[in-house]
Amino acid sequence: VELLASLPMSQPVVQCDILPGDVYSVPFGVVFTAELSLQPKDFGLQPCDPPFMWQTLKPDQDQINTTCILPGDRTAAFHIKVLVEEETYKKHNTLPDGIYAHHIFHIHPPAIIQNLLPFDMTVEAEDG
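Residues numbered from 1 in each chain as written. Predicted model: local features only at pLDDT ≥ 70, side-chain atom pairs only at ≥ 80, totals over all residues. Heavy atoms only, no water.

**A short note on the overall build of the protein**
Moving on, step 1. A tally of regular secondary structure across the protein gives one helix and six strands.
Moving on, step 2. The linear arrangement of helices and strands in the protein, starting from the amino end, is β-β-α-β-β-β-β.
Moving on, step 3. Put simply, the protein has 128 residues, and 25% of those count as buried.
Moving on, step 4. Taking contacts inside the protein between residues at least 6 apart in sequence as the whole, the part at least 24 apart equals 39%.
Moving on, step 5. Summed over all atoms, the accessible surface of the protein reaches about 9200 Å², with 55% contributed by carbon and sulfur. (Helix = DSSP H or I, 4+ residues; strand = E, 2+ residues; numbered from the N terminus. Buried < 20%, exposed > 50% of the residue type's maximum accessible area, 1.4 Å probe, protein only. Contact = heavy atoms within 4.5 Å. Areas by Shrake-Rupley, 256 points an atom, 1.4 Å probe, with all protein chains shown as cover.)

**Some points on the sheet that holds strand 4 (residues 63–70)**
Moving on, step 1. Ordered by their spatial adjacency, three strands build an open sheet running 4-5-6, and the pairing between neighbours is antiparallel. Both outer strands of the open sheet, strand 4 and strand 6 (103–108), are each paired with one neighbouring strand and no more. Pairwise comparison of adjacent strand axes, ignoring direction, gives a mean angle of 30 degrees for this sheet. (Pairing = 2+ DSSP bridges. Axes fitted to C-alpha atoms, helices over the stretch in contact; angles between N-to-C directions.)

**Let's talk about the packing of aromatic side chains**
Moving on, step 1. A full pass over the atoms with the stated rule returns four aromatic pairs.
Moving on, step 2. Ring geometry for Phe 28 versus Phe 32: centroids 4.8 Å apart, planes at 55 degrees, classification tilted. In this pair, Phe 28 and Phe 32 both sit in helix 1 (residues 28–33), four residues apart, roughly one turn of the helix.
Moving on, step 3. A relative accessible area of 63% means that Phe 28 is categorised as exposed.
Moving on, step 4. Look at Phe 52 and Phe 105: their rings are 5.0 Å apart centre to centre, the planes differ by 55 degrees, and that puts the pair in the tilted class. Of this pair, Phe 52 sits in the loop between strand 3 (35–39) and strand 4 while Phe 105 sits in strand 6, and the two are 53 residues apart along the sequence.
Moving on, step 5. Overall, the relative accessible area of 25% leaves Phe 105 in the partly exposed class. (Phe/Tyr/Trp six-rings, centres within 6.5 Å; stacked < 30°, edge-to-face > 60°.)

Right, here's the structure in full:
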């Protein structure tokens, strides 16, 4: 999955590729000025919508659901869940709320499973 950043009035720019288990810190200048979005690599999909910013999160919002579509085909889509976690250092900081980034975004990319076996399968995933 690629992490994209969109500054006002500009096209999205790839910040990094995020692989399973990766941790990526968004650069300071980007986190305060850009909308972030995701885009699965090598599938021809558009960037996911809606983009997200820490400033626009609701106080009790714990997840963001985004959808990436194929150009011209709204039925072929990937759905990506972004779990939102508030960083714990916020509680120990003396800065007023709402003026600095204090969130961790956990990205859960989609999985496509095609059953070619002659019997039904049950699939379960850990961590939601």
